[in-house]
Amino acid sequence: MDIAIAKLEAWMRDYYHKVDHDIGSSGVRDLTMAELRAVCGFELSELDPMVFHDSESYGGSGLRAALADRWTGGDTDRLMVTHGSSEAIYLVMQLLLEPGDEVVVVDPAYQQLHDIAAARGCRVTRWPLDVTDGFAVDLARLRELARSRPRMIVVNFPHNPTGISITPAQQKELVAIAEEAGAWLVWDHAFGELTYTADPLPLPTGYDRAIVWGTFSKSYGLAGLRVGWCLAPPDLLARMALLRDYIALYVSPVLEFFAEHAVRNADRIVALQKEHAQRNLRLLTDWARSAPELVRLTPPDGGVTAFVEFPGQPDVERSCRRLAEQHRVLLVPGGCFGDAYRSHARLGFGAAAEELTTGLSLLERVLREDAGMVVNHG
């Protein structure tokens, strides 16, 4: 299998652990163990009776029950615990797609949402957001694309990297389009719980060919757990269990202990993180408003990322590298989401306020210097 290099992950491998200020990541600030214990009300001594025994192929019963209570009305048969949502993405696409299948994917997108399919020999069709209209969705265009009856339609709202979302009415229309085409609808719920302009969208569980995956990384601030979940028809989950027998087998029961407590206290965790993220979003929008000649920002509806445009910059990727290597600030160039977005960058505002403020200040310095370089060499 010849699979493309995951550009975003490669960028993170180069810089994520070598910076002091992170304004590029897509998750809200990471919680400490002390913070998680305070919110959830448990003690580490509760781990003492734990025997280091294998967990179960579909996930430990406690965590599956907690997830089912939150997402499926208590039905555990439709849920699997996974190693982040990344494992779910890989398993689903390996099992449901065959060479020659067409997959329609929102664009821009997290690369794993389309290049696993491409490596399977699928035809990837882009459903572009309207970059000239604040990344608005064009459902008429999606309906047009779905006339070819694709095997799968892949979306995520709130969207990574733009943070834009859709209305409940638009969601219903999107599900109807998938149903009319007979397509699997893959709903990436990574950012779904952290919204600002409206309530979180419901999961599209009324459609029997819907697959949903989620993660503890983005809205909860528990990226280091590397735990996610997948909601899918039981027969598909059974096939996923057989494939993961050759890969990861199961998730560690130690990680599942913390994840179960997080799910049972998810409303409190998300409320805490949302309050923090909204304050940071105000800092970001004020900063962008103060420098309109340098940056164009479409305020996000959810999540903690914005896809900002830097008009007039000769090479945004070079600016991002300089920002990391000279100033120890992480920013993700738009090219990690496709060649059409080389004038953009993913700007994450989930970090501590001081970290965001310092990062934005240094970013502005680099942008002004690089803009000056254009003038000097013009």
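Residues numbered from 1 in each chain as written. Predicted model: local features only at pLDDT ≥ 70, side-chain atom pairs only at ≥ 80, totals over all residues. Heavy atoms only, no water.

### Quick look at the packing of helix H3 (residues 61-71) against helix H9 (residues 253-264)
Alright, step 1. In the contact formed by H3 and H9, the axes pass within 9 Å of each other and the chain directions differ by 20°. When the axis of H3 is compared with that of H9, the two are roughly parallel. At the point where H3 passes H9, the crossing takes the left-handed sense. Between H3 and H9, the residues in contact are Gly 62, Leu 63, Ala 65, Ala 66, Leu 67, Asp 69 and Arg 70 and Glu 256, Ala 259, Glu 260, Val 263 and Arg 264, respectively. (Axes fitted to C-alpha atoms, helices over the stretch in contact; angles between N-to-C directions. Helix = DSSP H or I, 4+ residues; strand = E, 2+ residues; numbered from the N terminus. Parallel < 35°, antiparallel > 145°, perpendicular 65-115°, else oblique. Left-handed = near helix turned anticlockwise from the far one by under 90°. Contact = heavy atoms within 4.5 Å.)

### Quick look at unusual backbone geometry
Alright, step 1. Cis geometry marks the peptide bond from Asp 107 to Pro 108, where omega comes out at 5°.
Alright, step 2. Mapped onto the elements, Pro 108 comes out in the loop between strand E3 (102-107) and helix H5 (112-119).
Alright, step 3. In the segment running from Phe 157 into Pro 158, the intervening peptide bond is cis, with an omega of -5°.
Alright, step 4. Inspection of the secondary structure puts Pro 158 in the loop between strand E5 (152-156) and helix H7 (168-181).
Alright, step 5. Not every positive phi belongs to a glycine, and Arg 149 is a case in point at roughly 55°.
Alright, step 6. Relative to the assigned elements, Arg 149 resides in the loop between helix H6 (139-145) and E5.
Alright, step 7. Backbone geometry places Arg 226, a non-glycine residue, at a positive phi of 55°.
Alright, step 8. Tracing the backbone shows Arg 226 in the loop between strand E7 (210-215) and strand E8 (228-231).
Alright, step 9. By relative accessible area, which is 41% here, Arg 226 ends up partly exposed. (Buried < 20%, exposed > 50% of the residue type's maximum accessible area, 1.4 Å probe, protein only.)

### What about helix H1 (residues 7-15)?
Alright, step 1. For H1, every residue scored as buried is listed here: Leu 8, Ala 10, Trp 11, Met 12 and Tyr 15.
Alright, step 2. On its buried side, H1 packs onto helix H11 (316-327), strand E10 (329-330), strand E11 (332-333) and strand E12 (344-348).

### A short note on empty space enclosed by the protein
Alright, step 1. Evaluated as defined, the whole model comprises 2 cavities of 30 Å³ or more.
Alright, step 2. In this model, the largest cavity occupies a volume close to 50 Å³.
Alright, step 3. Surrounding the largest cavity, Leu 67, Arg 70, Trp 71, Glu 193, Thr 215, Phe 216, Tyr 220, Trp 229 and Val 263 form its lining.
Alright, step 4. Residue contributions to the lining of the largest cavity peak at 3 residues, all from H3.
Alright, step 5. When the residues that make up the lining of the largest cavity are grouped by side-chain class, the tally is 6 nonpolar, 1 polar and 2 charged.
Alright, step 6. Considered as a void within the structure, the second largest cavity measures approximately 40 Å³ in volume.
Alright, step 7. Around the second largest cavity, the lining residues are His 189, Ala 190, Gly 192, Glu 193, Gly 214, Thr 215, Ser 219, Tyr 220 and Trp 229. (1 Å grid on protein atoms, 1.4 Å probe; cavity = no way out; pocket = protein on both sides within 12 Å on 5 of 7 lines; lining within 4 Å. Points joined across faces, edges and corners; volume = space filled by probe spheres on them. Nonpolar A, V, L, I, M, F, W, Y, C, P; charged D, E, K, R; others polar.)

### Focus: the layout of surface pockets
Alright, step 1. Each pocket or cavity is described by its volume, and for the largest pocket that value is around 930 Å³.
Alright, step 2. For the lining of the largest pocket, the leading source of residues is H1, giving 4 residues.
Alright, step 3. Volume-wise, the second largest pocket comes out at about 220 Å³.
Alright, step 4. Split into classes, the residues belonging to the lining of the second largest pocket amount to 10 nonpolar, 7 polar and 2 charged.

### A closer look at the sheet that holds E12
Alright, step 1. With respect to topology, 3 strands assemble into an open sheet ordered E9-E12-E11, the strand pairing being antiparallel. A strand with exactly one partner marks an edge of an open sheet, and here the two such strands are strand E9 (305-309) and E11.
Alright, step 2. For E11 and E12, the ladder comprises 2 bridges, and the chain directions are antiparallel. Bridge pairing in E12 places Pro 333 opposite Ala 345. (Pairing = 2+ DSSP bridges.)

### Notes on the side chain of His 189
Alright, step 1. By secondary structure assignment, the location of His 189 is in the loop between strand E6 (184-188) and E7.
Alright, step 2. Excluding anything up to four places from it in sequence, His 189 contacts Trp 71, Leu 201, Leu 203, Val 212, Trp 213 and Trp 229.

### Details of the environment of Leu 185
Alright, step 1. Locating Leu 185 in the fold gives a position in strand E6.
Alright, step 2. Classification of Leu 185 by relative accessible area gives buried; the value is 0%.
Alright, step 3. Once the C-alpha coordinates of Leu 185 and Ile 153 are considered, the two residues, 32 residues apart in sequence, prove to be 5.0 Å apart.
Alright, step 4. Once residues within four sequence positions are removed from consideration, Leu 185 is found in contact with Ile 153, Val 155, Leu 174, Val 175, Ala 178, Pro 204, Tyr 207, Arg 209, Ala 210 and Ile 211.

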